[in-house]
Amino acid sequence: MRSITCFITVLLCLKSATSDSSVICELKDVSGNRNDWIVLQEMYLGCWTNFTSLNGTKVHILKLLSSTEQHSMLELNVTVANPSVVIITSSSDYTILLQDNPTVDIYKTNGALINFILPTGKRPQPHIAPFTNSDSELLKWAAETFGGVTSFTTARDPKIITFTGMKGTQQSSTCDLQPEIAADKQLIKMSLKSPTDDLKSCYTKHSGEPIHVINIPDDVKIRHVNVHLPSKSKVTLRGPANTEWTIHNSFGVKLLSNNLVTLNGKKSLPNQTISDEPKEIRQKVFSYYKSTFITSYSEIHLNVSHIQLWIRDNNNFSVPVEVEPTTSAPVPLQMQLFSSPDYTFPLDPSRKVPSDKRIYAEISSQSFGEIPLSMKVSSCQVSSMPEVRDMPFKEEACYIKDCPKRLRFSFEMLGNLPSSSWDLKCAVQLCHESGKFCTKETQVKRNFQVKPYIPNKNPCFEFGLSSVLGIAFGGFLIGVLLTGALWFIKIRTGHPVALGMRSTAAELSVLSITGCPCGLTKRQPVPTHQSPSENSSGNASIGSTQSTPTSSMA
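Computed from a prediction, not measured in an experiment: that's the story for all the values here. (Residues numbered from 1 in each chain as written. Predicted model: local features only at pLDDT ≥ 70, side-chain atom pairs only at ≥ 80, totals over all residues. Heavy atoms only, no water.)

Across its full length, the chain holds 7 helices and 32 strands. With 554 residues in all, the chain has 39% of them scored as buried. A separation of at least 24 residues holds for 63% of the contacts in the chain among residues at least 6 apart in sequence. Approximately 31,800 Å² of the chain is accessible, and the part contributed by carbon and sulfur atoms is 54%. (Helix = DSSP H or I, 4+ residues; strand = E, 2+ residues; numbered from the N terminus. Buried < 20%, exposed > 50% of the residue type's maximum accessible area, 1.4 Å probe, protein only. Contact = heavy atoms within 4.5 Å. Areas by Shrake-Rupley, 256 points an atom, 1.4 Å probe, with all protein chains shown as cover.)

Within the secondary structure layout, Thr154 lies in strand 10 (residues 151-156). A polar atom in the side chain of Thr154 sits 3.0 Å from the backbone oxygen of Leu45. Thr154 has contacts with Tyr44, Leu45, Lys63, Leu65 and Ala182, leaving out every residue within four places of it along the chain. (Polar contact = N/O pair within 3.5 Å; in protein donor to acceptor, adjacent residues only side chain to side chain.)

Let us now look at the side chain of Ser151. With respect to the helices, strands and loops of the structure, Ser151 is situated in strand 10. The exposure class of Ser151 is buried, given its relative accessible area of 2%. A polar atom in the side chain of Ser151 sits 2.7 Å from the side chain of His60. Ser151 has contacts with Cys47, Trp48, Val59, His60, Ile61, Lys185 and Leu187, leaving out every residue within four places of it along the chain.

What follows covers the sheet that holds strand 13 (residues 188-192). Here we have 5 strands laid out as an open sheet, ordered 8-6-4-11-13, and mixed in their pairing. If you trace the sheet from one side to the other, it starts and ends with strand 8 (114-117) and strand 13, each paired once. Shown here is a sheet whose adjacent strand axes are inclined to one another by a mean of 20 degrees, direction ignored. One ladder, built from 4 bridges, connects strand 6 (residues 94-99) with strand 8; its direction is parallel. Paired with Ile96 across the strands is Phe116, a residue of strand 8. (Pairing = 2+ DSSP bridges. Axes fitted to C-alpha atoms, helices over the stretch in contact; angles between N-to-C directions.)

Our next topic: unusual backbone geometry. If a residue is not glycine, its phi is most likely negative; likewise, a peptide bond is most likely trans. You will see that Asn242, though not glycine, has its phi angle at about 75 degrees, which is positive. When its relative accessible area of 67% is taken as the criterion, Asn242 is described as exposed. Its identity as a non-glycine residue notwithstanding, Lys290 has a phi of 55 degrees, on the positive side. Within the fold, Lys290 resides in the loop between helix 3 (278-289) and strand 22 (296-300).

Considering all chains together, one arrives at 8 aromatic pairs under this definition. Ring geometry for Tyr107 and Phe146: centres 5.6 Å apart, planes at 80 degrees, overall edge-to-face. One end of the pair, Tyr107, is in strand 7 (residues 104-109); the other, Phe146, is in helix 2 (residues 135-146), and 39 residues separate them in sequence. Look at Tyr107 and you get buried, because its relative accessible area is 16%. (Phe/Tyr/Trp six-rings, centres within 6.5 Å; stacked < 30°, edge-to-face > 60°.)

What follows deals with the nonpolar core. Counting 28 residues, the largest nonpolar core has Leu337, Ile363, Val377, Phe409, Leu424 and Cys426 as the members making the most contacts within it. At the level of elements, strand 24 (333-338), strand 26 (358-365), strand 27 (373-384), strand 30 (406-412), strand 31 (421-432) and strand 32 (442-451) are the ones that each hand at least two residues to this core. Every residue in contact with Cys426, bar those within four places of it in the chain, is listed here: Met335, Ile363, Val377, Ser379, Cys380, Phe409, Thr442, Gln443 and Val444. Counting 27 residues, the second largest nonpolar core, distinct from the first, contains Tyr44, Leu255, Leu263 and Val304. (Core = buried A, V, L, I, M, F, W, Y, C linked by side-chain atoms within 4.5 Å.)

With that out of the way, let us pick up helix 3. For helix 3, spanning 12 residues, the distance from its first C-alpha to its last is 16 Å, which sits close to the expected 16 Å at 1.5 Å a residue. If you check which residues of helix 3 are buried, you get Pro278, Ile281, Val285 and Tyr289. Angularly, the buried residues of helix 3 cover 55 degrees about the axis, an arc narrow enough to put them on a single face. Just downstream of helix 3, Lys290 is the residue with a positive phi angle, here 55 degrees. (Expected span 1.5 Å × (residues − 1). Arc of directions from axis to C-beta.)

Bringing the sheet that holds strand 29 (residues 394-395) into the picture now. Two orientations exist for strands paired in a sheet by backbone hydrogen bonds: parallel and antiparallel. In space, the 4 strands of this open sheet follow the order 24-26-30-29, with antiparallel pairing throughout. Only two strands of the sheet have a single neighbouring strand rather than two, namely strand 24 and strand 29. Bridging between strand 24 and strand 26 involves 6 bridges; their strand directions are antiparallel. Each bridged residue has a counterpart across the sheet, and for Gln336 the counterpart in strand 26 is Glu362.

A few words now on helix 2. With 12 residues, helix 2 extends 16 Å between its outermost C-alpha atoms, agreeing within 8% with the 16 Å of an ideal straight helix rising 1.5 Å per residue. Packing partners of the buried residues in helix 2 comprise strand 3 (58-65), strand 5 (84-90), strand 7, strand 9 (127-129) and strand 10. Of the residues trailing helix 2, Gly147 is marked for its positive phi of about 95 degrees.

Applying the stated rule across the entire model yields 3 disulfides. A sulfur-sulfur distance of 1.6 Å marks the disulfide that ties Cys25 to Cys202. In this structure the cystine formed by Cys25 and Cys202 twists about its S-S bond by roughly 45 degrees; its chirality is therefore right-handed. Taken together, the residues span a long stretch of sequence, with Cys25 in the loop between helix 1 (2-20) and strand 1 (28-29) and Cys202 in strand 14 (residues 199-203) at a distance of 177 residues. Each member of the pair, Cys25 as well as Cys202, carries the same accessibility label: buried. Residue pairing for Cys380: its cysteine sulfur links by disulfide to Cys426, the two sulfurs lying 2.1 Å apart. Because the torsion about its S-S bond is 105 degrees, the bridge between Cys380 and Cys426 counts as right-handed. Separated by 46 residues along the polypeptide, Cys380 in strand 27 and Cys426 in strand 31 bring together distant segments of the chain. For the pair Cys380 and Cys426, a shared accessibility class is recorded, and that class is buried. (Disulfide = S-S within 2.5 Å.)

As structure tokens, this is what we get:
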């Protein structure tokens, strides 16, 4: 009895824990950290000045961040950059495909795991900058060495970084690191990988005045939040201790927060103590605003020091341009399946593929800037839970114009997997055309449905029209030949052959397959009729004029 009571108590605790997050509304992941009512962007320390050295050289510092511990790749294009010094630092492992410029000197900090490769396949050797413990130390070294710094930019998971050569309109002569959005800089253009889904949110429509709630749980290290709100809205800003909120360009805003908030340049001290539990937040909001509903509730789990946030009630609210999405691979890859070697029509995902047929696959990639890359498949596996098996494959020839961006191969189907749904996974590498450099393997996956092969269990032969006509014609020829043979024997010997010719012809012309339930014709009994010679009297002889060979055969 005691164990049952404990079990029920545990169930009640689990129920309360799982339902606690849905006290206000059902939270959902916000893909790309943006939807119709909320936009979240990361901010990093950077600067942009009008510095140019006496010989016309600009000095740029790039700090590269990575969301994963895996090897990363990006393209750096400085072909149209002004004469510059570019200093690159990173604590992650990076390979940079460099579109170089003879007027640009590339530096990397000592100890940084950064490798460079040119379109020709050569590996340039960059200059070495000293190792520093902080951004400010690196900034100080660059200013002392080159006389100043033109820009400092921090980029997380960049795909392509291009220096545009634009001069810009900045008037500052010293680089003071401030939170910024790198996309706001005119001198540099960046293509970033799609952000991770670190934002959860929900929205409820109602006719009353909107109430927006932002909750940063205590285990998140965000400390500075810039917020853009629509005018005349009620907002609750809840964060860990020492979190600072700055609200921009909003009037008539009613505020509830447990942190320091700067609204239109004026600081507001915390007016409530609020935990990160949704249940308590709801109670505080209902009590403070004398309301029974919440318009939007959002939780932020992004572990960076500075973020920028937009809350909006309609589509007319101005928000930054969306970052171009891409895949986790250095170059987006796509796999398609075909049923024939001409690779004309891709298989419909809803169509079931016969498991006894050969399947043709094609992996295609987008261009990685102007760097010529080719693809190589190292292995493929097919899985249908709980089994995983290696899939042998054969490379197929490609005869179209953009073959370097496509890899074609085929494989035999495995007909004994326990399920009709298959996952085909192939490990793909992107290699420079010189073959001197390849990226780490990237998994490309494709699911498709399989129709099991069922062999024909019918033991009988199946004949078509041509087979039936052939058998009939063969029977006719055999009958003609036998009849001619009998006539030949009669002429040579002068005696009739003692065979029932009618019976024999009927036997040979049918050619039925005995013992088979699927035979085309059934064997019919052949009626026998006595010849005139059998009805004649016993005294009639063969040589008599009353029973000639012609009459007996007739």
